[in-house]
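# Close look at the chain arrangement
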Amino acid sequence: MIKARVTVTLKNGVLDPQGKAIEGALGSLGFDGVGQVRQGKVFDLELATADRAKAEADLKAMCDKLLANTVIENYTIALA
Amino acid sequence: MKSAVVQLPGLNRDRDMIAALTKISGQAPVTVWQTETELPDVDLIVIPGGFSYGDYLRCGAIAARMPVMQAIKAKAEACVKVLGVCNGFQILLESGLLPGALMRNASLKFVCREVKLEVANAETDFTRAYEKGQIIRCPVAHHDGNYFADAETLAAIEGNGQVVFRYAQGTNPNGSINDIAGVMNAKGNVLGLMPHPENLIEAAHGGSDGRGLFASVLDVIAA
């Protein structure tokens, strides 16, 4: 079994109202000097294979087909 | 006019849409469940609003991968008219049938109120009953209606007249880029919009400004 982590983030230039709200909330908690905050998603997956190349190819397909909306999001894949 | 209304778990505006289509076309639409791979022979397919799959992952993301969407894509390619309202619009975007994406409202709040819409293109099969620049009333109810497209896509859809509805000046409820409320595909047979025209079709609704959208399609089909 291979464990993997997929991280999905908004592309540069895409407005992130939730990140903005978090940025404001951090400021109001007294955390000074926090620059831009961008919110993303993390997926931890378990894959029933020992073939790392296959796992990586499958994960890429999963991201393109479902986990990320590539109109607005980028993704990175990390195998444990 | 023969029409079909798509049903998926979590969609809850299907009954409003069925009522509107029945009243305006005089013929009840057939309902199509998400697992269908063949669609009946209809003139118009509608994906109504709601919260398909609980809005998990992204609004419309999971619904857009259901078998029925492959069948809808095939029908859209064959020039059948497809309309997506609210969550239906989100599903059409997630399925790639329409350009762009819908993000969380800029206010971060769910908005449920009436807005004013400007008919930006009245030369479409969905808007010919209106006039260009006409301002109509229409209810909205959504949390993720903030339309976004990259600069290149935006220039293309603006240039091609694919922006069909805009929120009239000062009424943009969600931060949509260029006040965009509804877009169609390049071919002009697939339209998605966030507002709910099916909820403003008769006196009991307090107005009938939304009726023109369905009347336009009816008119095109009858011609």
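Below, the structure is looked at part by part. Keep in mind the model is a prediction, meaning the values are calculated, not measured.

What follows is about the overall build of chain A. Of regular secondary structure, chain A possesses two helices and three strands. Starting at the N terminus and walking to the C terminus, you meet the elements of chain A as β-α-β-α-β. For chain A, the C-alpha radius of gyration of 16 Å lies well beyond 12 Å, the compact-globule estimate for 80 residues. Counting only C-alpha atoms and orienting by the principal axes, one finds that chain A spans roughly 45 × 25 × 15 Å. Within the span of chain A, comprising 80 residues, buried residues form 29% of the whole. Taking the intrachain contacts of chain A between residues at least 6 apart in sequence as the baseline, contacts between residues at least 24 apart amount to 68%. Across chain A, 10 positive and 10 negative side-chain charges occur, with their mean positions spaced 3 Å apart.

Moving on, we get to the packing of helix H1 (residues 14–25) of chain B against helix H5 (residues 211–222) of chain B. Residue and element names in this part refer to chain B. Look at H1 against H5: their axes get within 10 Å of each other, and the N-to-C directions meet at 55 degrees. Between H1 and H5, the angle falls in the class oblique. Considering how the two elements wind past one another, H1 and H5 form a crossing that is right-handed. Every residue of H5 that contacts H1 at Met 17, Leu 21, Lys 23, Ile 24 and Ser 25 is listed here: Arg 211, Phe 214, Ala 215 and Leu 218.

Attention shifts here to the sheet that holds strand S1 (residues 2–10) of chain A. All names here are of chain A. As summarised here, the arrangement of the three strands in space is S2-S1-S3, forming an open sheet in which the pairing is antiparallel. Single-partner strands in this sheet number two, and they are strand S2 (40–47) and strand S3 (73–79). Neighbour-to-neighbour, the strand axes of this sheet turn through a mean angle of 20 degrees, independent of strand direction. Bridging between S1 and S3 involves seven bridges; their strand directions are antiparallel. Counted as the bridge partner of Ala 4 is Leu 79 from S3.

Residues and elements named next belong to chain B. A sheet is described by the order of its strands in space; here nine strands give the open sequence S2-S1-S3-S4-S11-S10-S9-S6-S7, paired in mixed fashion. Strands with a single pairing partner mark the edges of an open sheet, and in this sheet they are strand S2 (30–33) and strand S7 (135–142). Neighbour-to-neighbour, the strand axes of this sheet turn through a mean angle of 25 degrees, independent of strand direction. Strands in contact with helix H3 (residues 87–94) are strand S3 (44–47), strand S4 (81–85), strand S10 (180–184) and strand S11 (190–193); relative to S4, the strand with the most contacts, it is inclined by about 120 degrees.

So, on to a nonpolar patch on the surface. Judged by side-chain polarity, Leu29(A), Phe31(A) and Val34(A) come together as a nonpolar surface patch covering roughly 310 Å² of accessible area. The class of Val34(A) is partly exposed, set by a relative accessible area of 37%.

All names here are of chain B. Summed over the entire model, instances satisfying the criterion amount to 14 salt bridges over all chains. Across the pair Glu 114 and Arg 137 runs a salt bridge, and its minimum N-O distance is 2.7 Å. Of the two residues, Glu 114 sits in strand S6 (residues 111–119) while Arg 137 sits in strand S7, which places them 23 residues apart along the sequence.

With that settled, consider the packing of aromatic side chains. Two numbers describe a pair of aromatic rings. These are the distance of the centres and the angle of the planes. Residues and elements named next belong to chain B. Considering all chains together, one arrives at three aromatic pairs over all chains under this definition. A ring pair is formed by Tyr 130 and Phe 165, whose centres lie 6.5 Å apart and whose planes are at 80 degrees; its orientation type is edge-to-face. Within this pair, whereas Tyr 130 is found in the loop between S6 and S7, its partner Phe 165 is found in strand S9 (residues 163–167), the two being separated by 35 residues in sequence. Classification of Tyr 130 as buried rests on a relative accessible area of 7%.

How each quantity is defined
- Residues numbered from 1 in each chain as written.
- Chains lettered and ligands numbered in written order.
- Predicted model: local features only at pLDDT ≥ 70, side-chain atom pairs only at ≥ 80, totals over all residues.
- Heavy atoms only, no water.
- Helix = DSSP H or I, 4+ residues; strand = E, 2+ residues; numbered from the N terminus.
- Rg over C-alpha atoms; globule rule 2.2 N^0.38 Å.
- Buried < 20%, exposed > 50% of the residue type's maximum accessible area, 1.4 Å probe, protein only.
- Contact = heavy atoms within 4.5 Å.
- Lys, Arg positive; Asp, Glu negative; His and termini not counted.
- Charge placed at Lys NZ, Arg CZ, Asp CG, Glu CD.
- Axes fitted to C-alpha atoms, helices over the stretch in contact; angles between N-to-C directions.
- Parallel < 35°, antiparallel > 145°, perpendicular 65-115°, else oblique.
- Left-handed = near helix turned anticlockwise from the far one by under 90°.
- Pairing = 2+ DSSP bridges.
- Patch = residues over 30% accessible without salt bridge, like charges linked within 9 Å, V, L, I, M, F, W, Y side chains within 5 Å.
- Areas by Shrake-Rupley, 256 points an atom, 1.4 Å probe, with all protein chains shown as cover.
- Salt bridge = Lys/Arg side-chain N within 4 Å of Asp/Glu carboxyl O.
- Phe/Tyr/Trp six-rings, centres within 6.5 Å; stacked < 30°, edge-to-face > 60°.

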